[in-house]
Amino acid sequence: MTSPGPQALRPRLPTPLQPVDDERFARRGIRLVLKRDDLIHPALPGNKWRKLAPNLRAASAAGDRALLTFGGAYSNHLRATAAAGRLLGFRTIGVVRGDELAGAPLNWSLARCAADGMVLHFVDRATYRRASDPEVLAALRDRFGAFRVIPEGGSNSLAAQGCAELGRELRGRADTVAVACGTGGTLAGLAAGLGPGPHALGVPVLKGGSPHFLHQTVADLQRAAFGGVRGDWSLAEDFHFGGYARSTPELDAFADAFEDRHGLPVERVYVAKLLFALTTLAERGAFPPGSTVAAVITGTDTGPRTGTDAGTG
């Protein structure tokens, strides 16, 4: 018996575009719109739906009954995978970075994963870095049985293909489309789906590694998904605020003010940095007058706003 496909969850697609009257953009002749991907599904919002849906369809078609994936202690991706498992009847296993967490009380994020039926398996950081090695996966299969692997953050060629639909929904609607980046799959698909003309801008929320690492990752995902690098895209790499799930008083104040000004809850790990980056770039004159800038809202706040060792996606 196979699990039902993700369309059984009746996602809200295409997602709406919400104009935002923000004087910091308007006084420069720029129109800001929000692509409300956070409204796709309450349990699998935004890019989590777009990246997971094609992987879930492939798992259902192959008759796979279990999904194994990876993430940090506050991973959005782990929560989304656990929710998908509960809703669609997959067994889920989450490999969590940090074996010191094994004996500690679960934080709110991992507790939600467990409540959705995910089996949590904590590993040390050295093992986690080798998660894709055949011997590590073999040991996991010895422990948990057969499963389909979904990578950290959900980013693989299927995910990029799923996110291409986001770009197609935005064709002719904006001159620049910006999205916050963790593992690069959303940007890879978005740029390919936009096609020629519009520019796709990625705002990385992680710090570390080679400055060209994420650029290479996005290009590699596009080659795997589409046979080559696609679309006009770039990265704005100066807005990570110290790393994943890190913040500063300046970023917190900006997000609070944006919420007060527009009545929209601002998710703090990804969306706050995206909106801060776009506002800063607009003030620097990065977007030409008369242009439309679209910000992809990939999620809303789902728990406490701070944490350590958050993990990507």
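Everything discussed here concerns the structure shown above.
Residues numbered from 1 in each chain as written. Predicted model: local features only at pLDDT ≥ 70, side-chain atom pairs only at ≥ 80, totals over all residues. Heavy atoms only, no water.

A. Fine view of the overall build of the protein chain. Tallying secondary structure elements over the protein chain gives 11 helices and 10 strands in all. The buried share of the protein chain, reckoned over its 313 residues, is 57%. Put simply, 76% of the contacts in the protein chain that link residues at least 6 apart link residues at least 24 apart. Here the protein chain displays about 12900 Å² of accessible surface, and carbon together with sulfur accounts for 52% of that area. The average position of the 36 basic charges and that of the 30 acidic charges among the side chains of the protein chain differ by 5 Å. (Helix = DSSP H or I, 4+ residues; strand = E, 2+ residues; numbered from the N terminus. Buried < 20%, exposed > 50% of the residue type's maximum accessible area, 1.4 Å probe, protein only. Contact = heavy atoms within 4.5 Å. Areas by Shrake-Rupley, 256 points an atom, 1.4 Å probe, with all protein chains shown as cover. Lys, Arg positive; Asp, Glu negative; His and termini not counted. Charge placed at Lys NZ, Arg CZ, Asp CG, Glu CD.)

B. Up close: empty space enclosed by the protein. Tallied over the entire structure, the rule returns 1 cavity of 30 Å³ or more. Here the largest cavity defines a volume of roughly 60 Å³. Mapped onto the lining of the largest cavity, the elements with two or more residues apiece are α2 (46-62), β7 (176-181) and α8 (185-194). Partitioning the lining of the largest cavity into residue classes produces 4 nonpolar, 7 polar and 2 charged. (1 Å grid on protein atoms, 1.4 Å probe; cavity = no way out; pocket = protein on both sides within 12 Å on 5 of 7 lines; lining within 4 Å. Points joined across faces, edges and corners; volume = space filled by probe spheres on them. Nonpolar A, V, L, I, M, F, W, Y, C, P; charged D, E, K, R; others polar.)

C. How the structure looks around the pairing of strand β9 (residues 232-235). The alternating pattern of β9 places Trp233 and Leu235 on a buried face, while none of Asp232 and Ser234, on the opposite face, is buried. As paired elements, strand β8 (residues 199-204) and β9 share 4 bridges and run parallel to each other. Bridge pairing links His199 to Asp232 in β9. (Pairing = 2+ DSSP bridges.)

D. The arrangement of the packing of helix α10 (residues 249-262) against helix α11 (residues 271-283) in detail. Interaxial distance between α10 and α11 falls to 10 Å at its minimum, and their mutual angle equals 90°. Viewed along their axes, α10 and α11 adopt a mutual orientation that is roughly perpendicular. For the pair α10 and α11, contact is made by Glu250, Leu251, Phe254, Ala255 and Phe258 and by Ala272, Lys273, Leu275, Phe276 and Thr279, respectively. Split by residue class, the contact of α10 with α11 holds 7 nonpolar, 1 polar and 2 charged. (Axes fitted to C-alpha atoms, helices over the stretch in contact; angles between N-to-C directions. Parallel < 35°, antiparallel > 145°, perpendicular 65-115°, else oblique.)

E. The arrangement of the packing of aromatic side chains in detail. Under the criterion given, the structure shown has 7 aromatic pairs. Taken together, the ring pairs connect Phe239, Phe241, Phe254, Phe258 and Phe276 into an aromatic cluster. Seen from the ring of Tyr128, Arg97 lies directly overhead, with NZ or CZ sitting 5.2 Å from the centre. (Phe/Tyr/Trp six-rings, centres within 6.5 Å; stacked < 30°, edge-to-face > 60°. Lys NZ or Arg CZ within 6 Å of the ring centre and 35° of its normal.)

F. A look at the sheet that holds strand β2 (residues 31-35). Sheet architecture is open: 6 strands sit in the order β1-β2-β10-β7-β8-β9, paired in mixed fashion. For this open sheet the edge positions go to β1 (17-20) and β9, each flanked by a neighbour on one side alone. Each strand of the sheet is rotated relative to its neighbour by a mean of 25°, with strand direction disregarded.

G. How the structure looks around the environment of Ala294. Within the secondary structure, Ala294 is located in strand β10 (residues 292-296). Spatially, the C-alpha atoms of Ala294 and Arg112 are 31 Å apart, while their sequence positions differ by 182 residues. Other than its neighbours up to four places away in sequence, Ala294 contacts Val33, Leu170, Ala174, Thr176, Val177 and Ala178.

H. Summary view of the sheet that holds strand β6 (residues 148-149). Read from one edge to the other, the open sheet built from 4 strands follows the order β5-β4-β3-β6, with strand pairing classed as parallel. The open sheet terminates on both sides in strands that have one partner only, identified here as β5 (119-123) and β6. Sheet analysis places strand β3 (residues 66-71) next to β6, joined by 2 bridges and oriented parallel. Residue Leu68 lies in a different strand from β6, and its bridge partner there is Val149. Set on the sheet, helix α3 (residues 76-88) makes contact with β3 and β4 (91-97); between it and β3 the angle comes to about 165°.

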